[in-house]
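In case you want the letters, here they are:
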Amino acid sequence: MKKNEAKKTIQQLREQLHYHNYMYYIENNPVISDYEYDQLLKNLEALEAQYPELITPDSPTQRVGGKPLEGFLTVKHKVPMLSLENAYSYEELHAFDERIQKNVGAVEYVCEPKIDGVSIALIYENGVFVRGATRGDGVQGDEVTANLKTIRSIPLSLRGSVLSNAEVRGEVYFPIAAFKKFNKEQEKKGEQVFANPRNAAAGSLRQLDPRVVATRPLDIFVYYISYSDKEIHTQEEAVETLRKAGFRVNPFIKKVQTIDDAIQYCEMLEEKRDSLDFEIDGAVLKVNSSATQKQLGSTIKHPRWAIAYKFSAKQATTTLNDIVVQVGRTGTLTPVAVLEPVQVGGVTVSRATLHNFDEVKRKDIRIGDTVLVERSGDVIPQVVKSITEKRTGDEKARGIPRKCPVCGADVVRTLDEVAVRCPNKQCPARLRWRIEYFASRDAMDIEHLGGQTIDKLIEKHLVESVADLYHLTKEELLNIEGFKDKSAENLLQSIESSKSQGLARLIYGLGIRHVGKYAAQLLASQYHSLEELGNASAEELTQIHGLGQKTAEAIANYFATEENRTLIEELRDIGIRTKEQKHIGKLQGKKVLFTGGLQTLSRPDASDLVMKQGGMVVSSAGKDVDYVVVGTDPGSKYEKAKKLHLHIIDEDEFKQLVGTT
Ligand code: IVH
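Residues numbered from 1 in each chain as written. Predicted model: local features only at pLDDT ≥ 70, side-chain atom pairs only at ≥ 80, totals over all residues. Heavy atoms only, no water.

1. With respect to helix α1 (residues 3-25)
Now for step 1: Counted at 1.5 Å a residue, the expected span for α1 with its 23 residues is 33 Å, and the 32 Å between its end C-alpha atoms agrees.
Now for step 2: By the burial criterion, the buried members of α1 are A6, I10, L13, R14, L17, H20, N21, Y22 and M23.
Now for step 3: Close packing links the buried residues of α1 with α2 (34-50) and α8 (235-244). (Helix = DSSP H or I, 4+ residues; strand = E, 2+ residues; numbered from the N terminus. Expected span 1.5 Å × (residues − 1). Buried < 20%, exposed > 50% of the residue type's maximum accessible area, 1.4 Å probe, protein only. Contact = heavy atoms within 4.5 Å.)

Next up, the structure:
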C-alpha cells in the first residue's frame, strides 16, 4: 500500500479500534467479537510496521509498551493533589454542612463512592493522553504513563470535542474478584502475594515493565477535572463531561439537595460495600457548584468544599496468641494466626490466614506480637503486619515445622514451591479432607456426612480411604456418639445412593490435583470409564481442548500411583458407577451455562441432566457457550450472554432440550 493510502487506512482503523475499545470497556456493550477486534488491531500493526514513522502515541497499538524502564521520572503536578478531610460520624458531616451554610448558604452536594485504590492524574493535550502520574507527596509524583496506557478504560484519545486540554483525576484499582484469582496464582507460582487489592494496584503501577502491568487487570474510575480549557460549572457537569469524553465514571455518583440526603446516601453505600467488585472505604461529599467551591477555597492540605465520610475500618490491631499449622487436602501446611478476638468492620475475628511460612518470615510475624488484621471484600481475614514498636522482647518466632503436626511425618519442600507439604498420603488430616471432598455436594453428594462425623470415623479407624465408607455398617455407626437408629440409616442410605452419581462427579471427587468440576466433566465426556481415563498418557490428555499441561500431568501421575489404582479397583468392586453409557446424548459436546434460580430443578440435578446428555456445564459466559439457561433473578452472566448474542433459553425449554418433559 502506498504511504498516502496507508495513512488514511491507519486513521480509519484507529478510529474503529478506539470506538470498539470504548464500547467494550466503558459501555460494556461490545458490538464486534474479540476475534474481529484482534483482526483490526493486526491490520493496524501490519501497516504501522511498514510505516513506523506513522506511529503516534495514541495509537491502540501503543497500549502494551515497549521496553522496561530504568526508573520512573518525577513530575510536578499542574495542580497540587490535595487529600480530603475525613469524617467518622454523621455529626461530623452535619458540622461540615453547618460550616458551609454559615459561609455561603445552602448548597447541593454530589455524593460519590470513595474508591480505595491509587490516586492518579491524567494529562490530555489536544485530546491525546500524553502523561499520567501518581499522587506522590501531592506536589510531585512518579510518571507512570506507559503503565497507565495498559488500562483499557483510559482513553488514549478523548471522544467528541467536549474536552481537549485537561488534567483528570481518578483512582486506579484492582477489581476484587480478579485480585483473589491473581493472589492465588501468585501463591501457586511462589511469587509475591498482596495484602489487599489496593496494594496490588499500587504494586502493579510501580512495575518498571509495562508488559507485566498489561497482564494485571487494573481498572479506573475518574472523578474530578482539576484543570481544563472548558469551563466546568458543577461537579455534576464534570462527571457528565468525563463520561462523554470516554472515561469510566462510577455508576453510584448521585446529586442530593441536603446533608440528610447525603447521609442517607452514605448509609445506602455502606450497605452495598461488600457486594461491589471494587473496594471503597467511604463516601465523598462534594459541593456541586464550581463557583461555590472557589469561594470556599482550600487549606494547604484539603479543599473546604469536600469531605470524606469514612466507613468503619476493616482493619484492627490485636494480639497474636499463637500460630497453628493446618494441613490441607493436598498435604499443604498453612500457618494460621490465632488471635485475641477483635471486631473488624463489624465482624468478630479470632483466626486469620498467614498464607505461607515464607510470608511469616518475610513479614517477621512472631507469637505474642501486636498485629494489624484486615478483612477485605469477603476474603478470609489476614494478618497485614506486626507492630514492632509494641514488642517487649518476649515474642517468639515460629519457624517452618519439620514434622507434620497431625501425623508426625517429615515435611517436604520442593525448590520451586513456597508450599511446605506433609508427604504422608495416609495422614489423618489429609484423609479427612479427602473424604469431605469426595462426599461434597459437587462430588458424590453424600448427605449427612459432615466434618465431625468424618473425624469420628477416622478416630475410630472405621475409614482409611473413601472406599471404606461403603463398608460401614449400622452397628459401627451406632457405636459413634450422637448416632441413633434413624440417623445411622439415613447416612447409610445416602452412601448407598451415591454409588450411581456418575463418572464426572466421581472423577471430581477423587480430588486429583488441578482437576476441578469443569475438567472432570470434560474428562467424563471424553472417556467413558475410569479405566479408560487411567490408561491415557499425559501426552494424549494434553490434546483435549481446554485441558492444560499441568492438569494432564497431574491426572497421569494420579493414575500411575499404585494405591490410586487399587482404590479405583475397590470402588468398582463395591459397585460404584465408574463407566458411562456410550450413547450420543442430545447435548453431546455442548456447553451449557446456568444463571438465576430454577423453579422445578435443583442446580445439581440440572447439571446432571446436562452431563447425562453428553454436555458440559460451564460457569462463565463466553463465545463458546451453546445454551444459557436463565432462571429468576439472573446475574451479570445473563447481561454478558445477551451482549454475546448467545442462545438463551428458559427452564421449560431446557427441560425439553434434555428430554424430561
Ligand atoms: S476527590 C480535590 N473523589 O481519596 C479533590 N477523591 O483522601 C480530591 N478518592 O487522594 C479528590 N475516591 O485518591 C475524590 N470519588 C472520589 C474519590 C477520591 C477516592 C481518593 C483520592 C484522594 C483521597 C483523599
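2. So, a positive patch on the surface
Now for step 1: On the surface, a cluster of positive charge is made up of K184, K188, K189 and K550.
Now for step 2: In terms of residue count, helix α5 (residues 176-189) provides more of the positive patch than any other element does, three residues in total.
Now for step 3: Here K184 is to be found in helix α5. (Patch = residues over 30% accessible without salt bridge, like charges linked within 9 Å, V, L, I, M, F, W, Y side chains within 5 Å. Areas by Shrake-Rupley, 256 points an atom, 1.4 Å probe, with all protein chains shown as cover. Salt bridge = Lys/Arg side-chain N within 4 Å of Asp/Glu carboxyl O. Lys, Arg positive; Asp, Glu negative; His and termini not counted. Charge placed at Lys NZ, Arg CZ, Asp CG, Glu CD.)

3. Describing the pattern of salt bridges
Now for step 1: Taken as a whole, this structure holds 31 salt bridges when the rule is applied.
Now for step 2: Between K114 and D281 there is a salt bridge, with its nearest N and O atoms 3.6 Å apart. Of the two residues, K114 sits in strand β3 (residues 109-115) while D281 sits in strand β10 (residues 280-287), which places them 167 residues apart along the sequence. For the pair K114 and D281, one class covers both residues: buried.

4. Structural notes on the packing of aromatic side chains
We describe a pair of aromatic rings using the distance from one ring centre to the other and the angle between the two ring planes.
Now for step 1: Applying the stated criterion across every chain, the model contains 17 aromatic pairs.
Now for step 2: With a centroid separation of 4.9 Å and an interplanar angle of 25 degrees, the aromatic rings of Y90 and Y309 are classed as stacked. Separated by 219 residues along the polypeptide, Y90 in helix α3 (residues 90-104) and Y309 in strand β11 (residues 306-310) bring together distant segments of the chain.
Now for step 3: Looking at Y309, the relative accessible area reads 7%, which means it is buried.
Now for step 4: Here the aromatic rings of Y309 and F311 are separated by 6.1 Å at their centres, their planes lie at 75 degrees, and the arrangement is edge-to-face.
Now for step 5: Among the aromatic residues, ring-to-ring pairing joins F174, F179, F182 and F194 into one connected group.
Now for step 6: Positioned above the aromatic ring of Y22 is the side chain of R159, whose terminal nitrogen or guanidinium carbon lies 3.7 Å from the ring centre. (Phe/Tyr/Trp six-rings, centres within 6.5 Å; stacked < 30°, edge-to-face > 60°. Lys NZ or Arg CZ within 6 Å of the ring centre and 35° of its normal.)

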